[in-house]
Amino acid sequence: RTPQFRNWILLAVFTAAHGYFAVVSPDLTARNILISSALALVCLQGARLMLRRSPPEMLRITRGVGYVFVAFVLISVARILVELAIPSGNDLFSTNIYEKLFLLSYQMFFIVLTFSLYLMVNQRLSADLEKDIAARQRTEEDLRLSEEKFCKAFRAGPDAVLLSRLGDGQFIEVNDSFTRLTGYPRGEALSRTAIDLGLWADPRDLEKVIADLRADSRVRNYEFDVRTKTGAIRRVLYSG
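A. Up close: a nonpolar patch on the surface. Nonpolar side chains collect at one region of the surface, where I86, I97, Y98 and L101 lie side by side and expose about 370 Å² of accessible area between them. Summarising the element assignment, L101 is placed in helix 4 (residues 97-156).

B. The arrangement of a positive patch on the surface in detail. A surface patch of positive charge is lined by R6, R48, R52 and R53. Here the positive patch gets three residues from one element, more than from any other, and that element is helix 2 (residues 28-53). Of note, R6 is situated in helix 1 (residues 5-24).

C. Representation of empty space enclosed by the protein in the model. The tally for this structure, following the rule as stated, stands at one cavity of 30 Å³ or more. Its boundaries defined by the atoms lining it, the largest cavity holds a volume of some 30 Å³. Lining of the largest cavity is provided by R79, V82, E83, I86, N96, Y98, E99 and F102. Those elements that place two or more of their residues in the lining of the largest cavity are helix 3 (59-85) and helix 4.

D. Inspection of helix 4 at higher detail. For helix 4, with 60 residues, the first-to-last C-alpha span of 87 Å sits near the 88 Å given by 1.5 Å per residue. When we look at burial in helix 4, the residues that qualify are E99, F102, Y106, L113, S116, M120, A127 and F154. Where helix 4 is buried, its residues meet helix 2, helix 3, strand 1 (162-164) and strand 2 (171-174). Two or three places before Y98, at the opening of helix 4, N96 has a side-chain oxygen 3.1 Å from that residue's backbone nitrogen.

E. Here's a closer look at unusual backbone geometry. Phi is positive for S217, which is not a glycine, with a value near 65°. Its location among the elements puts S217 in the loop between helix 8 (203-216) and strand 3 (222-227). Non-glycine residue N221 carries a positive phi angle of around 55°. Of note, N221 is situated in the loop between helix 8 and strand 3.

F. Representation of the packing of aromatic side chains within the structure. Considering all chains together, one arrives at nine aromatic pairs under this definition. Judged by centre distance (5.2 Å) and plane angle (85°), the rings of Y20 and F21 are edge-to-face. Grouped by ring-pair contacts, the aromatic residues W200, Y222, F224 and Y238 constitute a single cluster. Above the plane of the ring of Y222 lies K208, whose end atom (NZ or CZ) is 4.7 Å from the centre.

G. Spotlight on the environment of R136. Here R136 lies in helix 4. C-alpha of R136 to C-alpha of A211: the two residues are 75 residues apart in sequence and 40 Å apart in space.

H. Looking closely at the pattern of salt bridges. One pass over the full model with this rule turns up 15 salt bridges. Linking E173 and R186 is a salt bridge whose minimum nitrogen-to-oxygen distance equals 2.6 Å. Highlighted residues: E173 in strand 2 and R186 in helix 6 (residues 186-190), separated in sequence by 13 residues. Judged by its relative accessible area of 16%, E173 falls in the buried class.

I. Summary view of the nonpolar core. Membership of the largest hydrophobic core comes to 17 residues, with the highest contact counts inside it found for F171, L199 and W200. Mapped onto this core, the elements with two or more residues apiece are strand 2, helix 7 (194-197), helix 8 and strand 3. In contact with L199, other than residues within four places in its own chain, are F171, F178, T182, Y184, A194, D225, V226 and R227. A47, V68, I75 and L113 belong to the second largest nonpolar core, which has 16 residues in total.

J. Seen up close, the packing of helix 1 against helix 2. Orientation of helix 1 relative to helix 2, taken along the N-to-C sense of each, is 170°, at an axis distance of 9 Å. With respect to each other, helix 1 and helix 2 are oriented roughly antiparallel. When helix 1 is examined against helix 2, the residues R6, N7, L10, F14, A17, H18, F21 and A22 are found in contact with a partner set consisting of A30, R31, L34, I35, A38, L41, V42 and Q45.

Each value, and the rule that gives it
- Residues numbered from 1 in each chain as written.
- Predicted model: local features only at pLDDT ≥ 70, side-chain atom pairs only at ≥ 80, totals over all residues.
- Heavy atoms only, no water.
- Patch = residues over 30% accessible without salt bridge, like charges linked within 9 Å, V, L, I, M, F, W, Y side chains within 5 Å.
- Areas by Shrake-Rupley, 256 points an atom, 1.4 Å probe, with all protein chains shown as cover.
- Salt bridge = Lys/Arg side-chain N within 4 Å of Asp/Glu carboxyl O.
- Helix = DSSP H or I, 4+ residues; strand = E, 2+ residues; numbered from the N terminus.
- Lys, Arg positive; Asp, Glu negative; His and termini not counted.
- Charge placed at Lys NZ, Arg CZ, Asp CG, Glu CD.
- 1 Å grid on protein atoms, 1.4 Å probe; cavity = no way out; pocket = protein on both sides within 12 Å on 5 of 7 lines; lining within 4 Å.
- Points joined across faces, edges and corners; volume = space filled by probe spheres on them.
- Expected span 1.5 Å × (residues − 1).
- Buried < 20%, exposed > 50% of the residue type's maximum accessible area, 1.4 Å probe, protein only.
- Contact = heavy atoms within 4.5 Å.
- Polar contact = N/O pair within 3.5 Å; in protein donor to acceptor, adjacent residues only side chain to side chain.
- Phe/Tyr/Trp six-rings, centres within 6.5 Å; stacked < 30°, edge-to-face > 60°.
- Lys NZ or Arg CZ within 6 Å of the ring centre and 35° of its normal.
- Core = buried A, V, L, I, M, F, W, Y, C linked by side-chain atoms within 4.5 Å.
- Axes fitted to C-alpha atoms, helices over the stretch in contact; angles between N-to-C directions.
- Parallel < 35°, antiparallel > 145°, perpendicular 65-115°, else oblique.

Right under this line is the structure:
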């Protein structure tokens, strides 16, 4: 985005001059030169935007529209030169062959500009979609690597670790150290809860842990006894 102050000045000058040569001193040749000059200046800005000011990664998309703007500039300059050399007169309905060719060229390149803008927008959307897909693939790959690292650290950790739901106590995941500590295989532990397995030697410890978790969302270094699958009682230090 850039300030449009110069274009407001251009519009004011063009309107005043065109009005003068249309009402005060009618001159069709002067009006044709004014229109071509204004169109050349506007299209020159468009060409500069598309060919020079676009980001490097966007040039392949905007280049086509830029070339169409350049064509408009060249046609307008050629029309100005022809008007200066061979004035078209003041009869709007009786123009020379050159004026007809210029008007036909304007119409043709206006159609080309429409298609070029359509293609540019679609290519831009396709490029954005490709970037989004690439970014999503990178995110998914990073997530996969992160999950792989977490899984390795979780399973190989020397401390017993378990994931469970606070609402019903259902085990979501346990690591190898947990199975060695309690004697329950992973498949058996995941299908049941701590209460079902009878892990808590004293149910009041469970009530205290749940109350602390609901109050502060965490428990640190809480000692209690757990009962293994063989019935042995083991003292543990619990954080959750």
